[in-house]
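Analysis of the macromolecular model
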Amino acid sequence: MTAVDPILKNCRSMVLNPHHRRAYLQSVSARSCGIIGYFSNYIPAEIIAAAGFHPLRLIGCFGSVSGPALCDPMCSFVQDFYATQCSGLADLLTGLVFPNSCDSLKVLRQVWQTRPDGPQCWTLDHPVNTDGPALLYLTSQLRRLASELAAASRSTVSDEKLHAAITEYNTIRGLLRQCYAKVEARRLRYSDLLAVATAGLMLDRNEFTRMLQEFAGSSLSQPLSGNPVMLAGPLTDDLELVGALENHGACIVGDSVTNGWRYCSQDIATGGDIYTKIAQHILSQASPTAFDLHRPSLAARAAELGACGIIFLNQERCEPHVHSYVKCAAELEQQSIKTLLIEVEHGRPGLQARDLMRIESFMELL
Amino acid sequence: MESSRTILTKIFTDYYLGAAQAKKDGKPIAYVTAFTPVEILRAMDITCLYPESYAVVCSASGKAGDMIGSSGMGQFAGDLCSYSLISLGMDHAERLPYGGLPEPDFMVATNNQCGTTLLWFRLWSQRKNIPLFMIDYPTGSENTDQNEYVYRQYLALIEFVKKQTGRDLDQRVLAQQAANSRAACKLWSQVHVLNQAALQIDAAKLANALFPIVAARGTPAVCRYCETLIHEHSRENENAVIAAQPSFRLLWHGYPLWFLPKRYPSFNDDRFQIVLNDYTLWWDLDYPAADTLESLIRPYTSTYLNWLPQRRIDWTEQLVRDYAIDGVILHANRSCRRALAHVIPLRDHLLRQGIPSIILESDMANPDYYSPEKMNSQLESFKESILAA
Ligand code: SF4
Ligand code: SF4
């Protein structure tokens, strides 16, 4: 037993066990002015926190409640969220903040809004481009979100509060980057880091910072062996699958996933207009849903990490990532970077029999 | 006086031959999505082509399967929009209707109908290695900052086109285009109104009549076409051929089935007929009178698929009243995520109002998702529910 084992156990449980998560959030709810659930990196948790709410990234295993289904082509994450009635947390949430990104999430929001019950919904209408008009618009929408959340919590979102929240989250990002450096140096197991980083999106930020300080200080005594590969995809919370990849010979040296490196790679700058800085931060995010910075950044990241292969873990029926994958895979192959696509059904975690042979042959190929 | 058929053929020919000629003459060509503010592009003398409209032609010509197979989207095709797949397949499939579309110099995509268009056009422009301009329209009308934002993007579009082609915006042409679009949309809505009191224009004919308002909106020919249609089918016209009146008037909600010769499944019973497909009314765009660049904000921000579901539900309910509808068939089109958002709530709402309604699952362009047996049997029980109502 090492000093970080309890941290890992707790974080894994936050991600994999909906009952544990629920119990934790009940206690958070009792000591905060409410919990606001949000989707994607485009929603700045900093603004939610500055309004006095506990920001909760909606991620992890949602459990097995089986509710109504949305129409077929929606992605498996959105389907699972809807079928489990807001990931089983509807009664604990004060509200939900949606991004205006992929059509699956837009439809989820729209269907959710037609329900008479359930938490209140807000939308952060972020743009599809990254140019001047986009920056101005996003800045105005961030201000709008801040004032709407402040009204909901009967407080204000002052620049000071927002600045303080940004500093806290930047500290977390910095610590996560330290962990990523250790993963790259093979001194930290990637699946452990993913568990911690993902749980951190749900935990109280001060509590998480303390955990992360301890976790970032830990190191494996021997470097990990195995083929250096990188993970890519939208949200990646199937820890069992990631663990299975490692058990099959992959040494995951980094990622480009939304709840991993893409979350922590850059700090939000401070100084000047604080909303403009947050907008700039969002617009610089490499993601296939809105801004097309994803493709070039993937190859660059793979080269930086010395990865000889990229495993794409796409959510089933994820339209943005399919389009991105089709283009990326062809280009990466030309650069002699091998790729493997595994489609993940959000409500059905773990390694599926159909993927086992493909993973084994991919590892042999590397 | 020219018949509507002659005018339609002429608009069609002008569109395809005009594009081929533009290519020969070295004039710039843009591929655009269905709800692009083409008035701006035409005022910069750009030939605009609609891949979605071409996908309809390909589907109606029985080419959908081949083209989807050539799209390069392989195992993912089952999750994606058929229009996008057919278009992506255009670059590799053979023996295309009208020889295919001429290659574009750049593309313009908008998200006022769906997010798919952005993903599809981005991938396509990358494959073709040509520039793409994306216009972002905020969803829903609750957002008051959106006008300024859309306006700024229009200015950026003009700069983009200038950079690509060296051409400038002609304000006079822009005003003409906007005025023509406004008039054409009003007339297009009046064409539908013909069927409010009695069935005067066949639903398949209306679906086939959609092309001009989609692809040539802004040109004077579309107004002439709509006026002629109204004249030909109006009760005041003694030569008008008025169809036998159905006992039960149906509304087809959503996309037609373009691969079917009659665009909709048969009811095998003349008492039941479609008097309205609300899809063709999506092009009843709301242009204000100003005929300026600003006047193009509202029609393209407030497109049907950019409305929130409640507005779509309210609108359909109003149509049910205006057109004295006895039953609603909701086409759950697997291609189109955005159009699916409200389908189940709408069906439930209509049933609560006592209006017989049914959801039929299929696809607008890919016949692989059409099962005549299943649909016939669903329609049989639907007819029974109307008779029992
Ligand atoms: S997995 Fe893909 S489709 Fe689903 S919410 Fe995320 S980005 Fe959207
Ligand atoms: S059918 Fe739907 S998804 Fe396809 S292009 Fe049209 S609006 Fe977009």
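The present account deals with the structure reproduced in this document.

Calculation criteria
Residues numbered from 1 in each chain as written. Chains lettered and ligands numbered in written order. Predicted model: local features only at pLDDT ≥ 70, side-chain atom pairs only at ≥ 80, totals over all residues. Heavy atoms only, no water. Helix = DSSP H or I, 4+ residues; strand = E, 2+ residues; numbered from the N terminus. Rg over C-alpha atoms; globule rule 2.2 N^0.38 Å. Buried < 20%, exposed > 50% of the residue type's maximum accessible area, 1.4 Å probe, protein only. Areas by Shrake-Rupley, 256 points an atom, 1.4 Å probe, with all protein chains shown as cover. Lys, Arg positive; Asp, Glu negative; His and termini not counted. Charge placed at Lys NZ, Arg CZ, Asp CG, Glu CD. Salt bridge = Lys/Arg side-chain N within 4 Å of Asp/Glu carboxyl O. Axes fitted to C-alpha atoms, helices over the stretch in contact; angles between N-to-C directions. Parallel < 35°, antiparallel > 145°, perpendicular 65-115°, else oblique. Left-handed = near helix turned anticlockwise from the far one by under 90°. Contact = heavy atoms within 4.5 Å. Nonpolar A, V, L, I, M, F, W, Y, C, P; charged D, E, K, R; others polar.

1. Things to note about the overall build of chain A
Regarding its fold elements, chain A presents 15 helices and 8 strands. Relative to its length of 366 residues, chain A is compact, with a C-alpha radius of gyration of 20 Å against a globular reference of 21 Å. Counting only C-alpha atoms, chain A reaches 60 × 45 × 45 Å along its principal axes. Out of the 366 residues belonging to chain A, those deemed buried represent 62%. Accessible surface computed for chain A: about 12700 Å², of which carbon and sulfur atoms make up 52%. Averaging the positions of the 31 positive and the 36 negative side-chain charges in chain A gives two centres separated by 3 Å.

2. Some thoughts on the pattern of salt bridges
Taken as a whole and assessed by the stated rule, the structure comprises 35 salt bridges over all chains. The salt bridge involving Glu2 of chain B is made with Arg224 of chain B; its shortest N-O contact spans 3.0 Å. With a gap of 222 residues between them, Glu2 of chain B in the segment before helix 1 (4-24) and Arg224 of chain B in helix 11 (residues 220-233) connect regions that are remote in the sequence. A salt bridge links Arg298 of chain B to Asp286 of chain B, with the nearest nitrogen and oxygen atoms 3.1 Å apart. Residue Arg298 of chain B is found in helix 12 (residues 297-301), and its partner Asp286 of chain B is found in the loop between strand 6 (272-277) and helix 12; the two are separated by 12 residues along the sequence. A single network of salt bridges, built from pairs that share partners, joins Glu316, Arg317, Glu345, Arg354, Asp355 and Arg358 of chain A.

3. Brief notes about the packing of helix 8 (residues 190-200) of chain A against helix 10 (residues 239-247) of chain A
Residues and elements named next belong to chain A. Two elements in contact, helix 8 and helix 10, have axes whose closest approach is 9 Å; the angle formed by their N-to-C orientations is 165°. Between helix 8 and helix 10, the crossing angle belongs to the class labelled roughly antiparallel. The crossing of helix 8 and helix 10 is right-handed. When helix 8 is examined against helix 10, the residues Tyr190, Ser191, Leu194 and Ala195 are found in contact with a partner set consisting of Leu239, Val242, Gly243 and Glu246. Tallied by class, the residues present in the contact of helix 8 with helix 10 amount to 5 nonpolar, 2 polar and 1 charged.

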